[in-house]
Amino acid sequence: NSGADLAEAFDVVDDIAEYEPGDVLVIAADRDRAVEKSDAAYSSLVLGVYATKPGVLLTEEHIDSDLSDKVPMGVVGVIPTKVCTEGGAIKRGDMLVTSSIKGVAMKADPDKVKTGQILGKALQNYDSDHVGKINVFVNVK
């Protein structure tokens, strides 16, 4: 084990080279058992984050299968996640949701959030004009 998060190998829409650790992922609209980068604020299709070093990686594939065309999508645990301040400055403990920036999370407005939109909780503060990464306890709700 190298990390503390649980991930599962998923197919992606588009070229695998367009994805990188920290990307916020949602259920693919046009393909079964696949994910794509989020691209809308408060998406209820949010599923997880492209994990950096998952502690446990689950897969439906055979143990000897090549998984190089799949992403390890973290579904629970601490995962470095791309964030922005579209929803305001992020403080430790803030709930995070998808933003309008592709593959990036933002602070949730508790009055706007609905069931299935929460990606997890921020474990670090973030207040920058640029997209960055912070540790997030991912636990989709």
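Residues numbered from 1 in each chain as written. Predicted model: local features only at pLDDT ≥ 70, side-chain atom pairs only at ≥ 80, totals over all residues. Heavy atoms only, no water.

Visitor: Describe the nonpolar core, with residues and values.
Guide: Val83, Ile90, Leu96, Ala105, Leu119, Ile134 and Val138 are the most contacted members of the largest nonpolar core, which totals 15 residues. Put simply, the parts of the chain that give this core at least two residues each are strand S2 (24-27), strand S4 (46-50), strand S6 (70-83) and strand S10 (132-139). Counting residues per element, this core draws most heavily on S10, which supplies three residues. Membership of the second largest hydrophobic core comes to 11 residues, among which are Phe10, Val13, Val71 and Met73. (Core = buried A, V, L, I, M, F, W, Y, C linked by side-chain atoms within 4.5 Å. Buried < 20%, exposed > 50% of the residue type's maximum accessible area, 1.4 Å probe, protein only. Helix = DSSP H or I, 4+ residues; strand = E, 2+ residues; numbered from the N terminus.)

Visitor: Outline the environment of Met95, listing residues and values.
Guide: Tracing the chain through its elements places Met95 in strand S7 (residues 95-98). Judged by relative accessible area, Met95 falls into the partly exposed class, the value being 28%. C-alpha separation for the pair Met95 and Val76, spaced 19 residues apart in sequence, amounts to 14 Å. Once residues lying within four places of it in the same chain are set aside, the contact partners of Met95 are Met106, Lys107, Ala108, Pro110, Val113, Ile118 and Gly120. (Contact = heavy atoms within 4.5 Å.)

Visitor: Residues and numbers for the pattern of salt bridges, please.
Guide: Counted according to the given criterion, the structure contains seven salt bridges. Across the pair Arg33 and Glu8 runs a salt bridge whose closest N-O atoms are separated by 2.3 Å. In this pair, Arg33 sits in the loop between S2 and strand S3 (34-37) while Glu8 sits in strand S1 (residues 6-12), placing the two residues 25 residues apart along the sequence. Taking relative accessible area as the criterion, Arg33 reaches 32% and is therefore assigned partly exposed. Note that Glu20 is salt-bridged to Lys82, the shortest N-O span being 2.7 Å. Of this pair, Glu20 sits in the loop between S1 and S2 while Lys82 sits in strand S6, placing them 62 residues apart in sequence. By relative accessible area, Lys82 is classed as buried at 12%. (Salt bridge = Lys/Arg side-chain N within 4 Å of Asp/Glu carboxyl O.)

Visitor: Account for the packing of aromatic side chains, with residues named and values stated.
Guide: Taken as a whole and judged by the stated rule, the model has zero aromatic pairs. The ring of Phe10 carries Arg33 above its face, with NZ or CZ at 4.5 Å from the centroid. Directly above the aromatic system of Tyr19 lies the positively charged group of Lys37, at a separation of 5.7 Å from the ring centroid. (Phe/Tyr/Trp six-rings, centres within 6.5 Å; stacked < 30°, edge-to-face > 60°. Lys NZ or Arg CZ within 6 Å of the ring centre and 35° of its normal.)

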